[in-house]
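# Geometric and topological summary
As a plain string of letters, each chain reads:
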Amino acid sequence: MRFAHFIYQETKHWGILEGKLLKVLQGSPFGEWKETEAMVSLSDVTFLPPCYPSKIVCVGLNYRDHARELGMMIPKVPVIFLKPPSAVIGHGQKIVYPSSSQQVDYEAELVVVIKKTTRYVPVENVSSYIMGLTCGNDVTARDLQREDGQWTRAKSFDTFCPLGPFLAVDLDPNCLKIKLTVNGEVRQNSSTSEMIFTVAELVSFISSVMTLYPGDVIMTGTPSGVGPLRVGDVVSVEIEGIGVLTNEVIAG
Ligand code: ZN
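Residues numbered from 1 in each chain as written. Predicted model: local features only at pLDDT ≥ 70, side-chain atom pairs only at ≥ 80, totals over all residues. Heavy atoms only, no water.

## Comments concerning the packing of aromatic side chains
The cut-off we apply is this: Each pair of aromatic rings taken from Phe, Tyr and Trp, with Trp reduced to its six-membered ring, is defined by centres within 6.5 Å and is described as stacked if the planes are under 30 degrees apart, edge-to-face if over 60, and tilted in the remaining cases. To qualify as a helix, a DSSP run of H or I must reach at least 4 residues; to qualify as a strand, a run of E must reach at least 2; elements of each kind are numbered from the N terminus. In this scheme, a residue with accessible area under 20% of its type's maximum is buried, one over 50% is exposed, and one in between is partly exposed, where area comes from a 1.4 Å probe on protein chains only. Charge-over-ring contacts are defined here by two conditions on Lys NZ or Arg CZ: a distance within 6 Å of the ring centre and an angle within 35 degrees of the ring normal.
If you walk through the whole model with that rule in mind, you get five aromatic pairs. Summarising the aromatic geometry, the rings of Phe-47 and Phe-166 are spaced 5.7 Å apart at their centres and angled 85° between planes, so their arrangement reads as edge-to-face. Residue Phe-47 is found in strand β5 (residues 46-47), and its partner Phe-166 is found in strand β14 (residues 161-168); the two are separated by 119 residues along the sequence. In this pair, the class of Phe-47 matches that of Phe-166, namely buried. A cation over an aromatic ring shows up here: Arg-2 above the ring of Phe-166, its NZ or CZ 5.7 Å from the ring centre. The aromatic ring of Tyr-120 is capped on one face by Arg-119, whose charged end is 4.1 Å from the ring centroid.

Okay, structure coming up:
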């Protein structure tokens, strides 16, 4: 089942995807909800992000193919960093290219959305703490990342965290095709089976560091093929069983 959060006729709703339609819900998947009789067309809605995280925890190097490409060692523990919630945008919203950067890169990522308060959760219990999965783009000002020697500025510009379009529940995260295109041309093409740390291992590890709250987001790292975006590009992240997250890049 896939949930969407959207605006229809100036009102925010949650819905369930049924073909090219959304069945409108009363309530939200993060609380009580029930189906209504109303159906709306995907083409008539404006997508919103599928969650409102209190924090976005990202994982550095987490794909074997990406480690090979960079000639880097496989990390022994996950390297984590944060993006601010103010960076989040939804499917169809614009990525703003900051004037302070000359190299803004895309990073296609499988995104985990947390269901309930999560702290010290063992690997084998993680699945009941996951609300669902969505597509994400960990947009990064690579030149500023190098210049600063740490990642906060490079990862944190407004609009640098597109999420969506759907929140897929009951989907096994361990073997999903993940692809990124720029203007229709394939740039990243891998599988979550290439992950160094599984989703369950990541959530368990992060929960041993910090309390995760409902709606919090874990971005699980990017596969090989990372590269630059230019103003005017249309970038899409497609993950099997979830959907296609598309955003256009505009000048800041
Ligand atoms: Zn990333």
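## So, the coordination of the zinc ion
For a metal bound by four donors in a tetrahedral arrangement, the ideal donor-metal-donor angle is 109.5 degrees, while six donors in an octahedral arrangement ideally sit at 90 or 180 degrees. The cut-off we apply is this: Water is not part of the atom set, so a site may look incomplete; the donors themselves are N, O and S atoms within 2.8 Å of the metal, or 3.2 Å for Na, K and Ca.
In the first shell of the zinc ion, the protein supplies Glu-107 (OE), Glu-109 (OE) and Asp-138 (OD), at 1.9 to 2.1 Å from the metal. In terms of primary sequence, the donors binding the zinc ion are separated according to E-x1-E-x28-D. Separated by 29 residues along the polypeptide, Glu-109 in strand β11 (residues 108-114) and Asp-138 in the loop between β12 (130-137) and β13 (140-141) bring together distant segments of the chain. Since its relative accessible area comes to 0%, Asp-138 is described here as buried.

## Some points on the domain arrangement of the chain
Where interface size is given, it is often the accessible area lost as the parts come together that is meant. Cut-off, in case you're wondering: All domain edges in this entry derive from an automatic or database-based domain assignment. We call two residues in contact when some of their heavy atoms are within 4.5 Å. By convention, the term buried area covers the 1.4 Å-probe accessible surface removed from two parts as they join, with the contributions of both added.
In terms of domains, the chain is made up of domain 1 (2-46) and domain 2 (56-251). Relative placement of domain 1 and domain 2: their C-alpha centres are 25 Å apart. Facing eight residues of domain 1, the contacting portion of domain 2 comprises twelve residues. Taken over both partners, the interface formed by domain 1 and domain 2 buries close to 750 Å², and the fraction arising from carbon and sulfur atoms is 75%.

## A word on the pattern of salt bridges
For clarity, the threshold we go by: What makes a salt bridge here is a side-chain nitrogen of Lys or Arg within 4 Å of a carboxyl oxygen of Asp or Glu, nothing more.
Taken as a whole, this structure holds 13 salt bridges when the rule is applied. Notably, a salt bridge pairs Arg-68 with Glu-194, separated by 3.4 Å at the nearest N-O pair. One end of the pair, Arg-68, is in helix α1 (residues 64-70); the other, Glu-194, is in the loop between β16 (185-191) and α4 (199-207), and 126 residues separate them in sequence. Note that Lys-83 and Asp-138 form a salt bridge whose closest N and O atoms lie 2.6 Å from each other. Linking Lys-83 in strand β7 (residues 80-83) with Asp-138 in the loop between β12 and β13, this pair joins segments that are 55 residues apart in sequence.

## Examining the nonpolar core
As a rule of thumb, soluble globular proteins bury nonpolar side chains together. Put simply, the rule reads: By nonpolar core is meant a set of buried Ala, Val, Leu, Ile, Met, Phe, Trp, Tyr and Cys residues that side-chain atoms within 4.5 Å join together.
Counting 40 residues, the largest nonpolar core has Leu-110, Val-203, Ile-218 and Ile-239 as its most contacted members. Those elements that provide at least two residues to this core are β9 (95-97), β10 (104-106), β11, β12, β15 (177-182), α4, β19 (234-239) and β20 (243-251). The element best represented in this core is β11, accounting for four residues. If we skip the residues at most four places from it in the chain, Ile-239 touches Glu-109, Leu-110, Thr-134, Cys-135, Leu-176, Lys-177 and Ile-178. Counting residues in each nonpolar core, the second largest holds 19 residues, with Cys-58, Val-169, Val-217 and Met-219 among its members.

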